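Residues per chain are reported as follows:
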Amino acid sequence: MKKSTLTVVATAAITAVAIIIVFVLLLPIIGPRFIMPLVMGNIAAPADLDTATTRPTDSGLYRVSFTSALDPIAINQIHSWTLHVETADGQPVDNAEISVNGGMPQHGHGLPTKPQVTQNLGNGDYLVEGLKFQMTGWWEVRFDISAEGQSDSITFNLVLQ
Amino acid sequence: MKISRTVITLAVLLIIGVAAYTLWPHAPQWTADETAAIRALWLGNLPPLPPDPSNQYGDDPRAAALGQKLFFDTRFSANGQVSCGTCHIPELGFQDGLPLAQGVGTTTRRTMPIAGTAYSPWLFWDGRKDSQWAQALGPMESPVEHGGNRTYYAHLIDEYYRAEYEAIFGPMPDVSRLPRNAGPVADLEAKTAWEAMTAEDRENVTRIYANMGKAIAAYERLILPGPSRFDTYAQALMEGEAATMQAAFTPDEAAGLRLFIGEAQCVKCHNGPLFTNNDFHNTGVPAAAGLPEDTGRTQGAPQVLADEFNCLSPYSDAAENECAELKFMVAEGHELLGQFKPPSLRNVIARAPYMHAGQFTTLEEVLAHYNTAPATPDGHHNELQPLHLSEAEIKQIIAFLKTLSGPVVAPP
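Per chain, residues are indexed from 1 in the order of the written sequence. Chain A is the first chain written and ligand 1 is the first ligand written, with later ones labelled in order. Given that this is a predicted model, residues contribute local features only at a pLDDT of at least 70 and side-chain atom pairs are listed and counted only at 80 or more, while totals for whole chains, interfaces and linings are drawn from all residues. With hydrogens and water excluded, all non-hydrogen atoms of the structure serve as input to the side-chain values.

Participant: Pulling in residues and values, what's your account of the overall build of chain B?
Facilitator: Across its full length, chain B carries 16 helices and two strands. Each of the three principal axes of chain B carries a C-alpha extent, and together these read 110 × 45 × 40 Å. The buried label goes to any residue with under 20% of its type's maximum accessible area, the exposed label to any with over 50%, and the partly exposed label to all in between, with areas taken from a 1.4 Å probe on protein chains only. When burial is assessed residue by residue, chain B has 54% of its 412 residues classed as buried. The contact criterion used is simple: two residues touch if any of their non-hydrogen atoms lie within 4.5 Å. Expressed as a percentage of contacts within chain B between residues at least 6 apart in sequence, the contacts between residues at least 24 apart total 71%. Starting at the N terminus, helices and strands are each numbered in turn, a helix being any DSSP run of H or I of at least four residues and a strand any DSSP run of E of at least two.

Structure, rendered in structure tokens:
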């Protein structure tokens, strides 16, 4: 073997060993920051989650938005939302029947309370009372909306800290 | 071999440098998410004491002073030996260290700690009461706790606390002509005597009884957790005081905290500055030896809805719109079966035995249960999933839990 080849091989070997040792030494720092989030994929919400507060319903019948009386939404506090429902072309929907559901898709449990639409505020606005979230993470809140013989649904995503 | 020598020198220097950096003691690094999670647990993040709209006397210092006397007065029991303080012992953090509470008899559940319960919408393991004052009245009429009844207590207020009572609640109705023992209790004689009273007399006595609860709650509101070593650490983290952080926590305790807010998922239920979400969860805890399966919230939910002292009752001072927790609670359903309220973890190491009937003697047993997540005996719903933590990690979590000890602040 030529001497120069030997030098290249030795350099490569030493560099590789050095990199491995440095990586192992740095693991306690790299681990929690970069590796654990990968391993614990079920804890973090999906990165591409749509958390918009104004969205079209699943079949596109309505456009729905919500505003929370508790802003930002914090855990363990019961509060109310105002839900606004309008048709796809922007006309307020005033006579809707709305039911509320939800939960944490990654934990397989529902909402800790039974929120309800308690008031039709007019102009397409509805008061939703009794909302509460008792954990941080990804929550879904689903509204089933029926008006004039038609119905559609919308699921809002929340990621609470 | 000249190049090789340079490379070796550089590699060795690099390794020494990195080794020195990692092995040199320094505060652990927390991500932005972890820092937010730690801040959420910090006592400095506890909001001011929330008002109890159902108790208009809740913040009256005279009510708290009377309530404190009633809390420790053993005359308010069937045998003259039991007060609230019998099970809620101040020196033990307002609990008793027993698997099952001992009043005039033995209950089927463990005494809960009091500190910070002013923040909870639900009281008792099964949430069968929705305020501290309504809670305080439960044990008074329980045949195994205080074992007394309403007219008996009204007579005692009349005889020993009349002036203090009237200064807070107004004129005391005449109770001297009423039976000594009467109330809607298990004791048949007292129950019969109660039913023989006029509706007005029953209403007057029940009003006195509710006011007793409101006075006791005015005192209990002031029983709060004080800062622990964890709070010193959290505050130092918020303020970027690396030296204070390092002095406050060992590397194992910090590792335990990281597991607590991360992989071990403890903060799903034990969240916020009180380390509880005050909600209800089924963690598949086995029934206590000698006791039947406890259905928990399945019992508690209908009881709080029917409770004569709940937020919507005539004895509550709250307006209807101030009772959102009760109005929008989940009242029925399969998921309520076997659910219990997670207690605060502050001072947890001083509060063995654990779970709703003291089923586990040590934190090691508790952590082993959460780590393996055994199936519930009858196969019903259970929120746990195995955590696959190592023995070392479990030790780290326990090391962290021990940093949650601090004073319990209460009126002198």
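Participant: Lay out the overall build of chain A with the relevant residues and their values.
Facilitator: Secondary structure summary: chain A contains one helix and nine strands in total. Of the regular secondary structure in chain A, the N- to C-terminal order runs α-β-β-β-β-β-β-β-β-β. Looking at the 161 residues of chain A, the share that counts as buried comes to 40%. Pairs at least 24 apart in sequence give 58% of the contacts found in chain A among residues at least 6 apart. Accessibility throughout is a Shrake-Rupley quantity obtained with a 1.4 Å probe, and a residue counts as covered only by protein chains that appear here. When the accessible surface of chain A is totalled, it reaches about 8600 Å², and 57% of it is carbon and sulfur.

Participant: An account of the domain arrangement of chain B is requested, with residue identities and associated values reported.
Facilitator: Residues and elements named next belong to chain B. Split into domains, chain B comes out as domain 1 (25–46 + 227–296 + 337–407) and domain 2 (61–220). Between domain 1 and domain 2, the residue contacts involve 19 residues of the former and 20 residues of the latter. Summed over both partners, the accessible area lost on bringing two parts together, with a 1.4 Å probe, is the buried area. Both faces combined, the contact of domain 1 with domain 2 buries some 1600 Å², and carbon together with sulfur accounts for 62% of it. By convention in these notes, a salt bridge is any Lys or Arg side-chain nitrogen within 4 Å of a carboxyl oxygen on Asp or Glu. On the surface where domain 1 and domain 2 come into contact, there are one salt bridge. Salt-bridge contacts for arginine 109 lead to aspartate 294; the nearest nitrogen and oxygen are separated by 2.6 Å. Side-chain atoms alone can form a polar contact between residues adjacent in sequence; in general such a contact is a pair of N or O atoms within 3.5 Å, and within protein one must be able to donate a hydrogen while the other accepts it. Inspection of the domain 1/domain 2 interface yields nine residue pairs in polar contact (both at pLDDT 80 or more). Reported domain spans reflect what an automatic or database domain assignment gives.

Participant: Give a detailed account of the packing of aromatic side chains, specifying residues and quantitative values.
Facilitator: The description of two aromatic rings rests on the distance between their centres and on the angle between their planes. Residue and element names in this part refer to chain B. The criterion for an aromatic pair is that two Phe, Tyr or Trp rings (for Trp, the six-membered ring) have centres within 6.5 Å, with stacked assigned to planes under 30 degrees apart, edge-to-face to planes over 60 apart and tilted to the rest. Counted according to the given criterion, the structure contains 27 aromatic pairs over all chains. With a centroid separation of 6.2 Å and 5° between ring planes, the pair formed by tyrosine 153 and tyrosine 209 is classed as stacked. Of this pair, tyrosine 153 sits in helix 6 (residues 150–160) while tyrosine 209 sits in helix 9 (residues 199–220), and the two are 56 residues apart along the sequence. Of the two residues, tyrosine 153 and tyrosine 209, neither departs from the other in class, the shared state being buried.

Participant: I'd like a description of the sheet that holds strand 7 (residues 125–131) of chain A, backed by residues and values.
Facilitator: The strands that make up a sheet pair up through hydrogen bonds in the backbone, lying either parallel or antiparallel. Residues and elements named next belong to chain A. The strand order 1-2-3-7-6 describes an open sheet built from five strands, whose pairing is antiparallel. Bordering the open sheet on either side are strand 1 (54–56) and strand 6 (116–122), each of which pairs with just one other strand. Averaged over all pairs of adjacent strands, the angle between strand axes in this sheet comes to 25°, irrespective of strand direction. Pairing analysis gives five bridges linking strand 6 to strand 7, with the strands arranged antiparallel. We call two strands paired when DSSP finds no fewer than two bridges between them. With axes taken as lines fitted to C-alpha atoms, and helix axes fitted only over the stretch in contact, angles between N-to-C directions fall between 0 and 180 degrees.

Participant: Could you give me a rundown of a nonpolar patch on the surface, with the residues and numbers involved?
Facilitator: Candidate patch residues must exceed 30% relative accessible area and have no salt bridge, after which like charges are joined if within 9 Å and Val, Leu, Ile, Met, Phe, Trp or Tyr side chains if within 5 Å. Residues Ile20, Phe23 and Val24 of chain A make up a contiguous nonpolar surface patch of roughly 290 Å² in combined accessible area. Its location among the elements puts valine 24 of chain A in helix 1 (residues 3–39).

Participant: Would you mind going over the nonpolar core in detail, with residue names and values included?
Facilitator: Most often, soluble globular proteins have nonpolar side chains that are buried together. Residues and elements named next belong to chain B. In this structure, Leu70, Phe76, Tyr153, Ile157, Met212 and Phe309 are the most contacted members of the largest nonpolar core, which totals 44 residues. Where this core is concerned, the elements lending two or more residues are helix 3 (61–72), helix 5 (132–141), helix 6, helix 7 (162–169) and helix 9. For this core, the element with the highest residue contribution is helix 9, accounting for 10 residues. Excluding its chain neighbours within four sequence positions, the residues that come into contact with phenylalanine 76 are Leu70, Val82, Met140, His146, Tyr153, Leu156, Ile157, Tyr161 and Met212. As used here, the term nonpolar core means buried Ala, Val, Leu, Ile, Met, Phe, Trp, Tyr and Cys residues forming a set that is joined through side-chain atoms within 4.5 Å. One finds Ile38, Phe275, Leu345 and Ile394 within the second-largest nonpolar core, a separate group that totals 38 residues.

Participant: Could you give an account of the interface of chain B and chain A, naming the residues involved and the relevant values?
Facilitator: In this complex, chain B contributes 35 residues to the contact, which on the side of chain A involves 34 residues. On the surface where chain B and chain A come into contact, there are one salt bridge. Its salt-bridge partner being glutamate 325 of chain B, residue lysine 132 of chain A comes within 2.9 Å of it at the nearest N-O pair. Across the chain B-chain A interface, the total number found is seven residue pairs in polar contact (both at pLDDT 80 or more).

Participant: Break down the environment of proline 115 of chain A for me, citing the residues and quoting the values.
Facilitator: Here proline 115 of chain A lies in the loop between strand 5 (109–110) and strand 6. A sequence separation of 17 residues divides proline 115 of chain A from lysine 132 of chain A, and the C-alpha atoms of the two residues are 8.2 Å apart. Those residues in contact with proline 115 of chain A, other than ones at most four positions away along the chain, are Val100, Val128, Glu129, Gly130 and Leu131 of chain A together with Phe328 of chain B.

Participant: Can you lay out helix 13 (residues 297–306) of chain B for me, pointing to particular residues and giving the numbers?
Facilitator: Residues and elements named next belong to chain B. For helix 13, the complete set of buried residues consists of Arg297, Gly300, Ala301 and Val304. When helix 13 is viewed along its axis, its buried side chains cluster within an angular range of 100° and face the same direction. Where helix 13 is buried, its residues contact helix 14 (324–327). Summarising the geometry, the arc corresponds to the directions from the helix axis toward the C-beta atoms.

Participant: Pulling in residues and values, what's your account of the confidence of the model for chain B?
Facilitator: With 96% of its residues at a pLDDT of at least 70, chain B reaches an overall mean of 95. The complex prediction reports pTM at 0.89, with the ipTM value standing at 0.88. pLDDT: the predictor's confidence for each residue, scored from 0 to 100.

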